[in-house]
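Residue strings, one per chain:
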Amino acid sequence: MGPRMNGRIFAKSVQVISANGQNLGVMPTPAALQLAMDDGLDLVEINANSTPPIVKIMDYGKFKYDQKKRANEARKNQKTIELKEVWVKPFIEENDLNIKMKKVFEFLDSGNKVKIAVMTRGNKKVLARGKDAVPELFARIVETIGERGVLESKSKPDERTKSIIIAPAK
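Model, not experiment: these values are computed from the prediction.

Conventions and cut-offs
Residues numbered from 1 in each chain as written. Predicted model: local features only at pLDDT ≥ 70, side-chain atom pairs only at ≥ 80, totals over all residues. Heavy atoms only, no water. Pairing = 2+ DSSP bridges. Helix = DSSP H or I, 4+ residues; strand = E, 2+ residues; numbered from the N terminus. Axes fitted to C-alpha atoms, helices over the stretch in contact; angles between N-to-C directions. Contact = heavy atoms within 4.5 Å. Core = buried A, V, L, I, M, F, W, Y, C linked by side-chain atoms within 4.5 Å. Buried < 20%, exposed > 50% of the residue type's maximum accessible area, 1.4 Å probe, protein only.

*Asks:* Tell me about the sheet that holds strand β10 (residues 163-168), residues and numbers included.
*Replies:* Sheet architecture is open: 4 strands sit in the order β5-β6-β10-β9, paired in mixed fashion. In this open sheet, the two edge strands, each paired with only one partner strand, are β5 (83-88) and β9 (149-154). Neighbour-to-neighbour, the strand axes of the sheet open up by a mean angle of 25 degrees, direction not taken into account. Relative to β10, β9 is paired through 5 bridges, and the arrangement is antiparallel. Residue pairing across strands places K154 opposite I164, the latter belonging to β10. Its contacts with the sheet place helix α3 (residues 94-109) against β5, β6 (113-118), β9 and β10, and it is angled at close to 170 degrees to β5.

*Asks:* Before we move on, could you go through the nonpolar core and cite the residues and values that matter?
*Replies:* In terms of nonpolar packing, the biggest core is built from 19 residues, with V104, I116, I141 and I145 touching the most fellow members. A total of 6 residues in this core trace back to one element, the largest contributor, which is α3. Excluding anything up to four places from it in sequence, I116 contacts V86, V88, V104, F138, I141, I145, K162, S163, I164 and I166. The next biggest cluster of nonpolar side chains, apart from the first, holds 10 residues, and it includes V14, V16, A32 and L33.

Below, the structure is given as structure tokens:
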């Protein structure tokens, strides 16, 4: 709907700000409206909650256009951070891990977070010589990433799919 303007401002007196930003003081609404009309501009209510309401003399069409332009510019400059996902096997070979890490580095360098998940088959635990191989794999991955990323979170020990989330280093 937008702010009230011109004849839709019902307060008896208003605090007026001129088109160049100068405070003109408190005056009756009809006098403020006449000032705006003399300049060929609109009287726009900026703050209706104050007593008396604050109004500004401005070109409302230009004001709306500038607001829309600023909002579009802010939306254009906004960077959305995505969560990218990379799957690895628990007993991945060194060369295969290096290839996966290149992809992880691409994601981190472009400013995205990366979830590295371990692929296990069925519901049997991944055991190497009686111990869980996944923590060792994650330690190798975090060591490889080094200063390029920060370990943000780990999956809970009781979760079926083990994963870590790496955020790009600032």
